[in-house]
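Understanding the architecture of this molecule
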Amino acid sequence: MNNIAIHAEGLSKKFHIGKKLQRHKTFRDTLADAFTAPIRRAVKLLRGEPAGAAGLDETIWALRDISFEIKQGEAVGIIGRNGAGKSTLLKVLSRITEPTEGTVTIRGRISSLLEVGTGFHQELTGRENIFLNGAILGMKKVEIDKKFDEIVAFAEIEKFVDTPVKHYSSGMYLRLAFAVAAHLEPEVLIVDEVLAVGDYRFQKKCLNKMEDVGKKGRTVLFVSHNMPAVTRLCQRAILLDGGRLVKEGPSHEVVAAHMHSGLGTTAAREWDDIAKAPGGEVARLRVVRVRAEDGRIVDNIKINQPVAIEMEYEVLKSGYMLLPYYHFYNEEGINIFQAHDTDPLWKTRPRPAGRYVSTVWIPGNFLSDGMLFVSAGLSILNPIIHQFYEREAVAFQVSDSIEEGAARGAWVGNMGGVVRPLFKWDTQLNLNGSEKGKMVMEVK
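Residues numbered from 1 in each chain as written. Predicted model: local features only at pLDDT ≥ 70, side-chain atom pairs only at ≥ 80, totals over all residues. Heavy atoms only, no water.

This part takes up the packing of aromatic side chains. In this description, an aromatic ring pair is defined by two values, namely the gap between the centres and the angle between the planes. Tallied over the full model, the rule gives 8 aromatic pairs. By way of ring pairs, the aromatic residues Tyr326, Phe328, Phe337 and Phe366 are connected into one cluster. Geometry around Tyr356 places Arg351 over its ring, the cationic atom sitting 5.2 Å from the centre. (Phe/Tyr/Trp six-rings, centres within 6.5 Å; stacked < 30°, edge-to-face > 60°. Lys NZ or Arg CZ within 6 Å of the ring centre and 35° of its normal.)

Before going further, it helps to spend a moment on the sheet that holds strand S18 (residues 385-399). Two pairing modes exist for strands in a sheet, parallel and antiparallel, and in both the strands are linked by backbone hydrogen bonds. Strand order across the open sheet formed by 5 strands is S12-S18-S17-S14-S15, with mixed pairing between neighbours. One side of each edge strand has no neighbouring strand; the edge strands of this open sheet are strand S12 (300-302) and strand S15 (335-340). Between one strand and the next, the sheet's axes are offset by a mean angle of 30°, whatever the strand orientation. One ladder, built from 5 bridges, connects strand S14 (residues 322-329) with S15; its direction is antiparallel. When the bridges of S15 are listed, Tyr325 appears paired with His340. (Pairing = 2+ DSSP bridges. Helix = DSSP H or I, 4+ residues; strand = E, 2+ residues; numbered from the N terminus. Axes fitted to C-alpha atoms, helices over the stretch in contact; angles between N-to-C directions.)

Moving on: the pairing of strand S3 (residues 75-79). Burial analysis of S3 places 5 of its 5 residues in the buried class, which makes it a mostly covered element. Relative to strand S7 (residues 219-223), S3 is paired through 4 bridges, and the arrangement is parallel. Each residue of the ladder has a partner; that of Gly77, found in S7, is Phe222. Two strands pair when backbone bridges link them, and S3 and strand S8 (residues 236-241) are joined in this way by 4 bridges, in the parallel orientation. Paired with Ile78 across the two strands is Ile238, which belongs to S8. (Buried < 20%, exposed > 50% of the residue type's maximum accessible area, 1.4 Å probe, protein only.)

Here you go:
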């Protein structure tokens, strides 16, 4: 079909592990092997290994029999846990690596951002690398000239555009790499989780640009662990697990399946090793949980029931005023609200070292139905020094209800909005426009 941008049929990719590459042996190496071979065989026999086992060659299938089609102008998210095969799939689609089995057909010019600075020449300046990448994409100099100023402005490297990129910071490298990939008018834009290393402001800027690219009729493939970003940017999503395609369809449905399958964010996250836990020198995050009113850890709550989000954190140094907080996002990636700790006991009081639990209660009949993603953070106050911010630490589903006392009332159709509070209503019948004729009707 003419409107198909990417067609993959039976894609599989096999990697060999455990096999050592053999270098060319010298005469000296050959003599040494002759003397040491009996000793090596004896050691293997003592260990219970087969005498002839010299470096096993094992294989793993990073992708296994994957087939799908992506139409021109579609934005498609590729999601799955670490090791699911997402990055391998993008490398196959970007023609960085060949599939072991299967075929892939791509219509149009591809621009990929799989690793920071992919395709950059270290000794060339930012300006030279922009033109080099454009030439690789098959663009003429006059086409690149038209986009040059826009690329430099987006990357925010005006002062360093004539500096060799080997002197760039990782942030500058990333900004330029994304700007080049997104602005040189590719028919297919492929972006991996590399955006996670940028600051939050730049991530939003990149997501807005990818959204703009999609609106112009170009195809976008986006790999991310940021589920709100996927649902905001992508109409469709593909879920991988163990190298296989397990679900594809509307992004909201696929993300929900990912969350409920146990492959994604859960209702509880814990960091057993404090050395690897998110945080700084003063405080480290240990646990984040979603709890129902009865104390159970839950990943699904009725819309008219309260829900608690709690975080446990270790304060390693005494004497600091701390502010725990949460950011709540819906499936579209909209920050529906933020909750900052207002507990009067600790609001202006330096804390002694120890383990703390901070909990926020969200009342029933406040949230709208759908998946909610909760990011947990903590900062030192006066001056503000961030200790940790764990994106999408937990997630939970808010289930709609037509029960008595829910904000839906008697309405059974769709209800929009990022929140759905239950308000008090009062209805009066005004007879003949006179105050005396008012009849008060109470609705309970």
